[in-house]
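# Breakdown of the fold
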Amino acid sequence: SLDAMCIEKAELGTLVKIAEGGQAIIYRLPDLHLGDDVPLVAKLYRSKVLPIPRVGLARLVKFRMDQDPKVRAQLDRYYNWPIRVVIERGQAVGCVVPLLLDRFFHDFTSLTGRPSRRVVEVQHLFVPESRNRQVGLAHANHTQRLSVCYEAARAYAILHSTGMVYGDMNARNLLVSLRPHPTVVFVEGDALRRSGSSAVVPQVQTPDWFVPEMAKAQSEQTDCYKLGLLILRTLTPGPGSSINRDPETIGDKLDRDGRQLLRRALGNSRDHRPHAREWANHFRETLIGRRAPRPEVGDLTADTTTSVPRVDADVTKGDAWVRRNGKWEPR
């Protein structure tokens, strides 16, 4: 039942504040255990966001629990999905989500030398190498960037196969990790929604990520446009990359098929945008060096990261790839 998807705020136990944002405050929950033996946090909304539709948020929690275990495992891998609704005096005031893995954090160094431990947002892939050096962050090479694009496309393909969409992708809602292999996780999982519908928890539409049709209700087509922006900006770091919308600037960072996919993705025709599955196939073929079969939904749930090559930075140095003897290799 939907009531089983809820937990009273008083049952959370000790609240240890670890972060805060414009919409919510995040608390570590050292006393709460829900059977999966994973560390948990509570995202408690600020009063300006309330009221939150209790039933809608509970349905989002239940949707995850109703999935096939293999699909649910992949959703948990790529999305910070809510696993309980926090209730106080009968009203939804927050949600319980898993604590983000340590691999998505970095000990940043400020310009004054002060360290601070923060999450690594995808915006760090858009900036010049000198900017990342200033904060002590490794600058991803071209192979790693292709792998990040593959992981993001795969995450979307799995989500879309369930009929759900993400919606407000932006430079801060997607976290990346390059160790031990590139991967991603989408935060703000409480704002996931059915395709074409409004989110339970409102998200501000980020100006630099607007779709051409200015759609209010997010859909798979709007997700696919923003995925195209992510791919373009990830593969073309430098000044102005964070607002770049021109597919022609990709140059030789993608092969001919990839450039055609990108033009379709960033075009005005929403019905011709490539699905996330097409992007996942393309990047998998590029990284593995052979034409990969089109996967079915079940195949998407398999962990394929071990088949993706992890080339050291001094091999690619951020350059494009070329095809030799039918196989893609670093230039």
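This report concerns the structure included in the present document. (Residues numbered from 1 in each chain as written. Predicted model: local features only at pLDDT ≥ 70, side-chain atom pairs only at ≥ 80, totals over all residues. Heavy atoms only, no water.)

By volume, the largest pocket amounts to about 1300 Å³. As for the largest pocket, its lining consists of 36 residues, and the residues nearest its centre are Ala19, Glu20, Ile26, Val187 and Glu188. Only β2 (16-20), β3 (24-28), β4 (40-45), β6 (91-98) and β8 (115-119) provide two or more residues apiece to the lining of the largest pocket. Of the residues that constitute the lining of the largest pocket, the class distribution is 15 nonpolar, eleven polar and ten charged. (1 Å grid on protein atoms, 1.4 Å probe; cavity = no way out; pocket = protein on both sides within 12 Å on 5 of 7 lines; lining within 4 Å. Points joined across faces, edges and corners; volume = space filled by probe spheres on them. Helix = DSSP H or I, 4+ residues; strand = E, 2+ residues; numbered from the N terminus. Nonpolar A, V, L, I, M, F, W, Y, C, P; charged D, E, K, R; others polar.)

So, about the packing of aromatic side chains. Tallied over the full model, the rule gives nine aromatic pairs. Centroid distance Trp279 to Phe283: 5.4 Å. Interplanar angle 15 degrees. Geometry classified as stacked. Taken together, the residues Trp279 and Phe283, both in helix α7 (residues 276-288) and four residues apart, mark about one turn of the helix. Considered together, Trp279 and Phe283 belong to a single accessibility category, that of buried residues. Linked through ring pairs, Phe63, Tyr79, Trp81, Tyr156, Tyr166 and Phe186 together constitute an aromatic cluster. Between the NZ or CZ atom of Arg103 and the centre of the ring of Phe104, over which it lies, the distance is 5.9 Å. (Phe/Tyr/Trp six-rings, centres within 6.5 Å; stacked < 30°, edge-to-face > 60°. Buried < 20%, exposed > 50% of the residue type's maximum accessible area, 1.4 Å probe, protein only. Lys NZ or Arg CZ within 6 Å of the ring centre and 35° of its normal.)

So, on to the nonpolar core. With 71 residues, the main nonpolar core has Leu57, Tyr79, Trp81, Phe186, Leu227, Leu230 and Trp279 as its most contacted residues. Ranked by the residues each element gives to this core, the list is headed by helix α4 (residues 142-161), at eleven residues. Beyond its immediate stretch of four places on either side in the chain, Trp279 contacts Ala153, Leu227, Ile231, Leu254, Gly258, Leu261, Leu262, Ala265 and Pro274. (Core = buried A, V, L, I, M, F, W, Y, C linked by side-chain atoms within 4.5 Å. Contact = heavy atoms within 4.5 Å.)

Here we take up unusual backbone geometry. Between Leu50 and Pro51 the backbone carries a cis peptide bond, its omega angle lying at 0 degrees. Mapped onto the elements of the fold, Pro51 is located in the loop between β4 and α1 (54-65). The omega angle of the peptide bond from Arg179 to Pro180 is -10 degrees, so this bond is cis rather than trans. Mapped onto the elements of the fold, Pro180 is located in the loop between β10 (174-177) and β11 (183-186). Here Arg89, not a glycine, exhibits a phi torsion of approximately 55 degrees, which is positive. Position of Arg89 among the secondary structure elements: in the loop between β5 (84-88) and β6. Positive phi values are uncommon outside glycine, yet Glu188 reaches one of about 60 degrees.

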